[in-house]
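# Architecture and fold: a report
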Amino acid sequence: MVGSTREPSFVELYTPKLITVLREGYGLGDLKADIVAGLTVAIVALPLSMAIAIASGVTPDRGLYTSIVGGFIVSALGGSRFQIGGPAGAFIVLVAATVQLHGIDGLILATFLSGVILLAIGFLRLGIFIKYIPFPVTVGFTSGIAIIIFASQIADLLGLTLHGAEPGPFIPKLEALGAALPTVSAAAVAVAALAIGIIVGVRRFRPHWPAFLIATVLASLAVWLLALPVETLGTRFGGIPRSLPYPQLPMLSVEKMMAVLPAALSFALLGGIESLLSAVVADSMSGRRHRSNAEIVAQGVANMASALFGGICVTGTIARTATNVRAGARGPVSGILHSGFVLLFMLVAAPLASYIPLAALAAVLAVVCWNMAEKHAFATLVRASRGDAVVLLATFLLVVFRDLTQGILVGFGLGALLFLHRMARAVEVDSPRPAIEEDVSDTANGSRQPYDVALATDPDVVVYRISGAFFFGAAASVAAALDRIGEQPKAYVIDFSAVPMIDSTAAATIEGFARKAHRHHASVYIAGARPAVRRILLVHGVRPPDVHFRSKLTDALAIAHHKIDGAADVEAASA
């Protein structure tokens with residue numbers, strides 16, 4: 001029904017888009033389109049999944065498990081038609097840090113718990129709030145992650161031999177890499193340069209071809225034919241298995257769960273942000289709309305299932321989702337098929353993966369980092385305003401030099417303070433006549449104009465209009481404006497018609513003003529308050545006899561004048 005404000009039902013909120021697409025009618029033509037799209041995405045996902053897993057400090061097969069299991073569930077249960085789930089570059093830093101602190105078992109448990117947390121967020125319908133991350137925070141942590149991931153790939157790009165384990169923190173990492181520069185391998189540099197050159201060339205001249213896979217295959221052939229002395233998946237990891245492992249619950253204990261809970265919360269927060277951003281990108285490309293809470297629930301189930309099969313964190317991946325849309329996908333079946341194609345690669349071509357050089361996979365991630373670092377958005381935000389620049393740079397620097405969680409939390413806090421400051425400045429209190437001299441000069445200079453001069457004809461009634469969200473950030477300035485009265489009128493009329501919301505602090509401000517007016521024997525009328533605003537005012541004591549509510553400004557003025565005129569008649573008769 002047009003104009004209906006009915007809340008969507010549970011079924012409407014959480015029905016997977018797969019069910020919606022099948023109900024709409026799914027034919028052979030749709031299946032053919034989804035097969036092509038699924039194969040295209042799988043070709044992109046193959047090298048990326050292994051490269052992300054290696055950069056995260058785990059074996060490449062865990063990245064494939066994540067794409068197969070997690071990707072299947074995200075598409076089967078998710079609230080987006082085109083979302084592709086799998087391991088994401090944004091998680092590399094967090095996953096690597098978790099592995100260093102808690103080992104593989106701790107990582108699997110943290111991934112499982114993050115799924116539980118995401119399930120709770122989805123079923124509590126909190127998914128919409130995850131989207132309230134300020135844009136400067138998103139750009140700051142994405143650019144910071146890109147820098148950290150690239151730094152983690154320098155050793156493989158240059159074929160360096162480090163003395164001991166590679167440090168996690170940024171500065172010690174650079175120091176260790178600098179000390180290992182004499183061990184640079186010309187063969188590794190050549191393979192990395194070849195892979196990057198192929199990716200750039202294919203994207204420029206054949207943008208629809210799978211650049212990552214072509215670069216990986218050609219670099220592997222070059223290493224095999226020329227017998228180049230570089231590390232491969234086989235020499236470091238012994239290749240990849242040819243089947244999925246049996247599902248197994250992670251080791252559960254209260255002590256271990258409390259230890260990995262901060263990591264699980266970080267996984268859940270970042271996973272929710274990434275998946276919803278990816279869904280929004282898919283919406284903008286396709287003209288469709290996703291279901292936020294259904295998507296979060298699917299991400300939760302996918303992370304739990306990925307952990308059961310030994311995979312790592314699952315989220316919606318923007319690049320693979322965009323590839324899916326561009327490849328002509330018709331619905332979630334393409335994402336399901338993408339997982340099937342990755343599984344088929346494991347079953348059939350696993351022995352060939354042993355020949356993939358690590359320098360080529362590092363080159364793939366180097367290109368991913370270049371694309372992740374939102375250079376244009378970063379430069380725009382630095383120039384946009386000082387507030388946005390501070391939020392952006394604080395997030396970026398904390399992500400790079402401290403850790404991702406601190407960067408997000410501090411950036412979000414600064415962004416919230418900046419928003420409150422801007423909202424407070426947007427609240428205005430207008431009067432048809434200036435109350436004190438500085439208001440007169442402001443009006444004369446044109447910086448503040450009365451909204452209706454005709455309302456200033458009666459000296460016994462002062463009219464004020466409050467415009468904007470009236471909350472604690474603006475309460476002090478509004479109170480000061482209401483108190484700046486040159487004389488004592490007999491009635492105040494406060495126009496609330498342009499106030500969309502009010503909080504407790506603002507309501508207390510109005511209540512205090514009404515008490516002060518009552519002590520001076522002046523009536524207070526509030527006009528045009530919305531039902532929700534009026535309810536909060538009533539709860540905080542803004543009620544008769546101190547204050548009277550009217551739905552329209554004209555009604556409040558008429559009542560005020562009538563009361564004043566009546567009091568004058570009584571006074572004249574008694575005289």
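Refer to the structure above for everything that follows.
A brief look at the structure comes next. Note that residues are indexed from 1 along each chain, following the sequence as it is written. Only residues with pLDDT of at least 70 get local features here, since the model is predicted, and only at 80 or more are side-chain atom pairs given and counted; chain-wide, interface and lining totals rely on the full set of residues. Computation of side-chain values covers all heavy atoms of the structure but excludes hydrogens and water.

### Some words on the state of the cysteines
Disulfide assignment relies on a single distance test, namely cysteine sulfur atoms paired within 2.5 Å. In the structure shown here, the tally under the stated rule is zero disulfides. With no disulfide of its own, Cys313 lies 17 Å from the sulfur of Cys369, the closest cysteine sulfur.

### Description of unusual backbone geometry
For the peptide bond that leads from Pro544 to Pro545, omega is 10 degrees, which places it in the cis range. Residue position: Pro545 is located in the loop between α23 (531-539) and β7 (547-550). Its identity is not glycine, yet Ala227 carries a phi of approximately 55 degrees, on the positive side. Accessibility here uses a 1.4 Å probe with only protein chains present; expressed as a share of the type maximum, an area under 20% marks a residue as buried, one over 50% as exposed, and anything in between as partly exposed. Of the residues examined, Ala227 reaches a relative accessible area of 62% and is grouped as exposed. Notably, His521 is not glycine yet its phi reads approximately 60 degrees, a positive angle. In DSSP terms, a helix is any run of H or I states spanning at least four residues, a strand is any run of E spanning at least two, and both are numbered starting from the N terminus. Along the chain, His521 falls in the loop between α22 (504-519) and β6 (523-527).

### Brief notes about helix α21 (residues 472-483)
An α-helical turn contains 3.6 residues, so any two residues separated by three or four positions project in the same direction. Taking 1.5 Å of rise per residue, 12 residues should cover 16 Å, and α21 covers 17 Å from first to last C-alpha, within 8% of that figure. Taken together, the buried positions of α21 are occupied by Ala474, Ala475, Val478, Ala481 and Leu482. Projected down its long axis, α21 carries its buried residues within an arc of 135 degrees, all on one side. Any helix carries an expected span of 1.5 Å times its number of residues minus one. This arc corresponds to the set of directions leading from the helix axis out to the C-beta atoms.

### Here's the deal with the nonpolar core
By nonpolar core is meant a set of buried Ala, Val, Leu, Ile, Met, Phe, Trp, Tyr and Cys residues that side-chain atoms within 4.5 Å join together. Counting 90 residues, the largest nonpolar core has Phe141, Ile145, Phe212, Leu233, Phe267 and Leu404 as its most contacted members. Among the elements that line this core, the one with the most residues is helix α16 (residues 358-372), at 13 residues. If sequence neighbours within four positions are ignored, Leu404 has contacts with Ala90, Leu94, Phe141, Ile145, Leu270 and Val399. Among the nonpolar cores identified, the runner-up in size contains 34 residues, and Ile466, Ala475, Val478 and Tyr492 belong to it. Contact between two residues is taken to exist if any of their heavy atoms lie within 4.5 Å; hydrogens are not considered.

### A short note on empty space enclosed by the protein
Here the term cavity refers to a set of points on a 1 Å grid, laid over the protein atoms alone, in which a 1.4 Å probe fits but cannot get out; the term pocket refers to an open set having protein on both sides within 12 Å along at least five of seven lines, with lining residues being those that place an atom within 4 Å of a point. Grid points are joined across faces, edges and corners, and a volume is the space filled by probe spheres set on the points. Counting across every chain of the model gives two cavities of 30 Å³ or more. By volume, the second largest cavity amounts to about 40 Å³. Lining the second largest cavity, in full, are Ala51, Ile54, Ala55, Gln153, Asp156, Leu358, Leu361, Ala362 and Leu365. Contributing elements (two or more residues each) for the lining of the second largest cavity: α3 (28-55), α7 (135-158) and α16. Residue contributions to the lining of the second largest cavity peak at four residues, all from α16. The residue classification treats Ala, Val, Leu, Ile, Met, Phe, Trp, Tyr, Cys and Pro as nonpolar and Asp, Glu, Lys and Arg as charged. All others, Gly included, are polar. Of the residues contributing to the lining of the second largest cavity, the split by class is seven nonpolar, one polar and one charged.

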